[in-house]
Each structure stands twice: as structure tokens, then as C-alpha cells.
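# Geometric and topological summary
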Amino acid sequence: MGTVFEVGAALLGACVGSFLNVVIWRLQQDDPAQRSLLGRSRCPHCGAPIPWHRNVPVLGWLLLGGRAACCGRRIAARYPFVEGLTAALFYLLAVAGPGAPYVVARGEGTLLVDGAGIATWGALAAFASLLVALTFIDFDRQILPDALTKPGIALGIAAGLWPGVAGPLGDDPTVALPLRTALASGVGALAGGGVTWAIRWLGSVAFRREAMGFGDVKLMAMIGAFVGWRNALLAMLLGCGLGAVCGGLGLLFGGSKVIPFGPYLALGALLTVFVGDALVELLFVTWPEWQRRHDGAQWLFAVMASAALVLLFLLVRRGRRMG
């Protein structure tokens, strides 16, 4: 039965991914009337309604050969990619998410179903869905719509109340567990959004222009509401590192000078969901112990610092040429 749940999670993820394609497309439209998420799916080229049997996730795109049946124009490969990505995330949450497995076979014909675990999976699946949609919208338009981030903050805090996705704040047994988990989500939202707002303000003062969009602040508040303040800070750290490396390499090799921050924050948040505890162990326990045991660790730091300086020099030169 555990396998049935995991396969079912993947199939549900593919269907949700199909809906996310609609969300991504419509929330980017300039006409407010076209941003409604209600109504049938339509061809992005000619506007013709898409029959349900041609809207089957991934398979529909493959059977059509990547072209719209109504007008024959090419359908972007992003559509099946988003569906497959969402299916993979739902499956991974079912297999290796916090508290997994949620359905366990106990002897012949006996099942143990973890209701709170299923609720945790559902909340994290919704969280992953929001991150997927926000990622692709930010890549396309460099915006993080309030229509996703604000409900996401509310959902994260609700999931903190029950089933307690962010984990408890403190270990005082005299305080009810639902209150401690709700506080963890609230503090996470404040920490994620507050730290990001502070960085945004300092960057704006230093560079005398907006250093970061306010949508990133709301995105980090949403992330903190789901994963708590510690993992929110870890997600911020990972997002900054990933954004610097990937954005820098893109700039170095002729990519856009505009680096959307949201996708890297989203990736950092997903990493904290799956391997957050392991990363904290690596950064604050394993790595310091390794340095103490190896006298030559300082040379490794010197090499890494030199490589970072060379990369920074190349990026600055590239940026000046492109400017």
C-alpha cells in the first residue's frame, strides 16, 4: 500500500503540474481579465479550448508531437517539464519527505495510516507547487505575484497550527504542541521576511537603487512559515550561494544580466525540506571537525578564496563589457 500511495502521489503531481502550467501562463498576462484561474484550458497561441483527452499530463504532449492540434504551432517543452517536475517532487515527498513513509503495511491485510503524516505531505506538496509556479514566473517576468505568495504565507501558518509542518518552537511540555508549532511558523515567517527585508534595505542604501524586489521578501516569509526560522535562514544562505554561482556563470557565458532571485530561494527551500538536517550537520559539526583533524585545511580555504576572486574578476570584466 505504501507503493500505491507513492505512485498515486506522482500521478497527482503530474495533474497538479498541468494546472500549474495554467497558473504560470495566466498570472503573467497584462490584462487582469486573463489572469483568472477559472475556466477551461486554452491554446496559448490561438485561444482554442483544449479537450480533456488532449490535456493529459506529459503523455498528451508526446502524442501530439509537441504541436497544438488546433493550430499546429509548437508547444513549449516546458509544459511537460513542469508536469514531470511536479510529479517527481510529489513522489519524493511521499518517499523521503519529513515523516515518510505515511502508509505502512503491518502483517497480512493490516495497514497503519499516519493521518498527521498524510496532512504533512499534503501541506508540503502544496508548498512545492507554489515554489514551482513562482520559479517559472520569476524566470519569465522577474515578478513573484501576490496571488501566490500571500495565500502561501497564510497556508504555511495554517499548516504550522496543524499538522505542525515547521516543527515546534522550543520544548516546554507545559505549552501545548499545536501552539508551539503555530509559533514556529509565525516566527519563521517573520524571520524569513524580516531578514530579507533588511538585506533589501541595506542593498538599496549601498547601491542607491532597489537591490531586491519586495516579492522576494514575501517569498521568504512564505518559506519561513512552512519550514521555520532555522531552515528559512538556511534556505536564504543556499539561495544566495546558488544564485551567485548560477547567475554569475550565466553572466560569464553570455546570459542575461538580470538574475531572478526567487528560483534560487525556492531551490534552497526545497533542499531544506529534503536534506536540511543533513546540511546543518555538515556545516556545523562535520566540517569543523574535519578542519580540526587536518592541519592543511587552511590551504584548501586559500585555494577556494583564490578561485572565488578569479571568478569575481571575470564577472566584473564581463559585466563592464556588456554594460
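As the structure is a computational prediction, the values presented were derived from the model and not from experiment. (Residues numbered from 1 in each chain as written. Predicted model: local features only at pLDDT ≥ 70, side-chain atom pairs only at ≥ 80, totals over all residues. Heavy atoms only, no water.)

### Considering a nonpolar patch on the surface
Applied cut-off: Each patch groups residues whose relative accessible area exceeds 30% and which form no salt bridge, using 9 Å between like charges and 5 Å between nonpolar side chains of Val, Leu, Ile, Met, Phe, Trp and Tyr. Computed with the Shrake-Rupley method and a 1.4 Å probe, the accessible areas treat only the protein chains shown as cover for residues. Salt bridges are counted wherever a side-chain nitrogen of Lys or Arg sits within 4 Å of a carboxyl oxygen of Asp or Glu. The way it works is that DSSP assigns letters per residue, a run of H or I at least four long becomes a helix, a run of E at least two long becomes a strand, and they are numbered from the N terminus. Burial classes follow relative accessibility: with a 1.4 Å probe on protein chains only, a residue under 20% of its type's maximum area counts as buried, one over 50% as exposed, and anything between as partly exposed.
Nonpolar side chains collect at one region of the surface, where L169, L179, L183, V187, V195, I199, W229 and L233 lie side by side and expose about 580 Å² of accessible area between them. Mapped onto the nonpolar patch, the elements with two or more residues apiece are α6 (177–207) and α7 (214–252). With respect to the helices and strands, L183 occurs in helix α6. L183 sits in the partly exposed class, given a relative accessible area of 41%.

### Description of the pattern of salt bridges
Counted under the stated rule, the structure contains four salt bridges. Between R141 and D30 there is a salt bridge, with the nearest N and O atoms lying 3.1 Å from each other. In this pair, R141 is assigned in helix α4 (residues 115–141) and D30 in the loop between α1 (2–26) and α2 (59–63), connecting sequence segments 111 residues apart. Of the residues examined, D30 reaches a relative accessible area of 61% and is grouped as exposed. Two residues, R78 and D140, come together in a salt bridge whose shortest N-O distance is 2.6 Å. Residue R78 is located in helix α3 (residues 78–96), and its partner D140 is located in helix α4; the two are separated by 62 residues in the primary sequence. Classification of D140 by relative accessible area gives partly exposed; the value is 33%. Via salt bridges that share partners, D146, K150 and K218 belong to a single interconnected network.

### Re the packing of aromatic side chains
As a reminder of what qualifies: Centre distance within 6.5 Å is the pairing criterion for rings of Phe, Tyr and Trp, where only the six-membered ring of Trp is used; planes under 30 degrees apart are then read as stacked, over 60 as edge-to-face, and the remainder as tilted.
Inspection of the entire model under this criterion finds five aromatic pairs. On the basis of an interplanar angle of 80° and a centroid distance of 6.2 Å, the ring pair of F81 and F136 is categorised as edge-to-face. Remark: F136 occurs in helix α4 and F81 occurs in helix α3; sequence separation between them is 55 residues. For the ring pair F90 and W121, a centre distance of 5.6 Å and an interplane angle of 85° mean the geometry is edge-to-face. With a gap of 31 residues between them, F90 in helix α3 and W121 in helix α4 connect regions that are remote in the sequence. The pair formed by F90 and W121 is uniform in burial state, with each residue classed as buried. Taken together, the ring pairs connect F5, F90 and W121 into an aromatic cluster.

### A short note on unusual backbone geometry
Of the consecutive residues W162 and P163, the connecting peptide bond is found in the cis state with omega at 10°. Structurally, the position occupied by P163 is in the loop between α5 (146–161) and α6. A positive phi angle, near 60°, is found at V58, a position not held by glycine. Mapped onto the fold, V58 is located in the loop between α1 and α2. Note on V58: relative accessible area 28%, which makes it partly exposed.

### Details of the packing of α3 against helix α8 (residues 262–293)
The condition that has to hold: To obtain each axis, a line is fitted to C-alpha atoms, and for helices this fit is confined to the stretch in contact; angles are then taken between N-to-C directions over 0 to 180 degrees. By definition in this entry, angles of less than 35 degrees are roughly parallel, angles greater than 145 are roughly antiparallel, angles of 65 to 115 are roughly perpendicular, and the rest are oblique. When checking whether two residues touch, look at their non-hydrogen atoms; a contact exists if any pair is within 4.5 Å. Each residue receives one of three labels: charged for Asp, Glu, Lys and Arg, nonpolar for Ala, Val, Leu, Ile, Met, Phe, Trp, Tyr, Cys and Pro, and polar for the others, Gly being one of them.
Running from amino to carboxyl end, α3 crosses α8 at an angle of 25°, the nearest separation of the two axes being 11 Å. If you check the angle between α3 and α8, you find them roughly parallel. Counted together, L89, L92, L93 and A96 of α3 and L270, V273 and F274 of α8 form the full contact between these two elements. Taken together, the residues of the contact of α3 with α8 sort by class into seven nonpolar, no polar and no charged.

### Examining α6
Applied cut-off: Expected span of a helix, by definition, is 1.5 Å for each gap between consecutive residues, and there is one gap fewer than residues.
Its 31 residues place the ends of α6 44 Å apart at the C-alpha level, agreeing with the 45 Å of an ideal helix rising 1.5 Å per residue. The positive-phi residue at the C-terminal boundary of α6 is R208, with phi of around 60°.

### Notes on the side chain of T272
Within the secondary structure, T272 sits in helix α8. Setting aside its immediate chain neighbours within four residues, T272 contacts V227, N231, L234, A235 and L238.

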